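Structural description and commentary
Listed here are the chains, written in short residue letters.
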Amino acid sequence: MKAENEQRTGLLYGFGAYGMWGLVPLFWPLLKPSGAVEILAHRMVWSLGVVGILLLAMRRWGWIRELLRQPRKLGLTALAASVISVNWGLYIWAVNNGAVVEASLGYFINPLVTIAIGVLVLGERLRRAQWAAVGIGLAAVVVLAVGYGRPPWISLVLAFSFAAYGLIKKKLNMGGVESLAAETALLFLPALGYLLWLGAQGRSSFAAEGLGHASLLAATGLVTAIPLVCFGAAAIRVPLSTLGLLQYLAPVFQFGLGVVYFHEAMPPERWAGFSLVWAALALLTWDALRTAGKTRARLEAARAARPATAPEPEPEPA
């Protein structure tokens, strides 16, 4: 019963995390006339404050000393911070420049890019269904490139940067709050320096647009940290396969907002390209569920075939 309650709680946290990530395109336009780079800098600065409070509440500080003693790990953290900065900055720019649908495509094809990186970088072997899904994904990119009249570069950069970020995080093996704290700490001074430079140039919107606008810019820290905390709470309560299925919620919400709320154009060739991507993801999901089911069945069979251990004889009385 307790395990079921934990899993139910984990699902709620997962829905919360991916739901917030899916609805975040509604937030970034509220920050206009701030540019994407200024919003990104505020996001870095205020995120450090939020995760600092979280770490203070959880009393987790020992990892800092350990990180500083490992130059390789520190270098990987800096690389992760750089890659996620590209991802965040481009996503904000895309949303505020009428490319929500193309941005959502990046997160739809991210699992396919992650698989491709696993093959090319980690030497992983793919099953036939996975190869088929990657092939369908490549066909989708070609169709979309024809439809857009150019490669869907926003989608591709978002997908590859987030997949690379995932690969680096896998090697780092740090907790979600700790890794975000380390990354934003490394980005804090450059971001703060940029904001101070904007202010000196008279180009900062933080003070110029009033208290409401300044509060919204400060809220970027909460917008960044809260979904991550929910994700961390979900990750320890639900199976990885379930979490993998939940990840599609965010791009589904983003796509829906792009089409229904922002009224972005969806000509037939884009529908064709997106349909191919969704077909590839359906194949990938089916294969993952089938493989997980077979693995579970093998484990249960092995457990059932294992002979019961005979109880040890009690010692005879002296």
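Procedures and definitions
- Residues numbered from 1 in each chain as written.
- Predicted model: local features only at pLDDT ≥ 70, side-chain atom pairs only at ≥ 80, totals over all residues.
- Heavy atoms only, no water.
- Helix = DSSP H or I, 4+ residues; strand = E, 2+ residues; numbered from the N terminus.
- Buried < 20%, exposed > 50% of the residue type's maximum accessible area, 1.4 Å probe, protein only.
- Contact = heavy atoms within 4.5 Å.
- Areas by Shrake-Rupley, 256 points an atom, 1.4 Å probe, with all protein chains shown as cover.
- Lys, Arg positive; Asp, Glu negative; His and termini not counted.
- Charge placed at Lys NZ, Arg CZ, Asp CG, Glu CD.
- Phe/Tyr/Trp six-rings, centres within 6.5 Å; stacked < 30°, edge-to-face > 60°.
- Arc of directions from axis to C-beta.
- Axes fitted to C-alpha atoms, helices over the stretch in contact; angles between N-to-C directions.
- Parallel < 35°, antiparallel > 145°, perpendicular 65-115°, else oblique.
- Nonpolar A, V, L, I, M, F, W, Y, C, P; charged D, E, K, R; others polar.
- Polar contact = N/O pair within 3.5 Å; in protein donor to acceptor, adjacent residues only side chain to side chain.
- pLDDT = per-residue confidence, 0-100.

1. What to know about the overall build of the protein
A count of helical and extended segments in the protein gives 13 helices and 0 strands. The linear arrangement of helices and strands in the protein, starting from the amino end, is α-α-α-α-α-α-α-α-α-α-α-α-α. Here the protein, with 318 residues, has 40% of them falling under the buried criterion. Of the contacts made within the protein by residues no fewer than 6 positions apart, 85% connect residues no fewer than 24 positions apart. Counting every atom, the protein has about 17,400 Å² of accessible surface; 67% of that belongs to carbon and sulfur. Averaged over its 26 positive side-chain charges, the protein has a centre that lies 5 Å from the centre of its 16 negative ones.

2. Considerations on unusual backbone geometry
With an omega of 15°, the peptide bond between Lys 32 and Pro 33 qualifies as cis. Examined against the element boundaries, Pro 33 turns out to sit in the loop between helix H1 (2-23) and helix H2 (36-58).

3. A few points about the packing of aromatic side chains
The full count for this structure, using the stated rule, is 18 aromatic pairs. On the basis of an interplanar angle of 75° and a centroid distance of 6.0 Å, the ring pair of Phe 108 and Trp 278 is categorised as edge-to-face. One end of the pair, Phe 108, is in helix H5 (residues 100-120); the other, Trp 278, is in helix H13 (residues 268-305), and 170 residues separate them in sequence. Under the relative-accessibility criterion, Phe 108 is labelled buried at 2%.

4. A few points about helix H9 (residues 211-218)
Among the residues making up H9, those that are buried are His 213, Ala 214 and Leu 217. Looking straight down H9, one finds that the buried residues subtend no more than 100° of arc, so they occupy a single side.

5. Thoughts on the packing of helix H4 (residues 71-96) against helix H8 (residues 176-200)
Put simply, H4 and H8 touch, their axes get as near as 9 Å, and they point 80° apart. What the angle tells us is that H4 and H8 run roughly perpendicular. Residues Leu 74, Thr 77, Ala 78, Ala 80, Ala 81, Ile 84, Ser 85 and Trp 88 of H4 pack against Leu 180, Ala 182, Glu 183, Leu 186 and Leu 187 of H8. When the residues that make up the contact of H4 with H8 are grouped by side-chain class, the tally is 10 nonpolar, 2 polar and 1 charged.

6. Focus on the side chain of Asn 96
Within the secondary structure, Asn 96 is located in helix H4. When its relative accessible area of 14% is taken as the criterion, Asn 96 is described as buried. Only 3.4 Å separates the side chain of Asn 96 from the backbone oxygen of Trp 28, close enough to count as a polar contact.

7. Digging into the confidence of the model for the protein
Of all residues in the protein, 94% attain a pLDDT of 70 or more, and the chain-wide mean is 85. When pLDDT is averaged over each helix and strand of the protein, the minimum, 69, is found for helix H11 (residues 240-246) and the maximum, 93, for H9.

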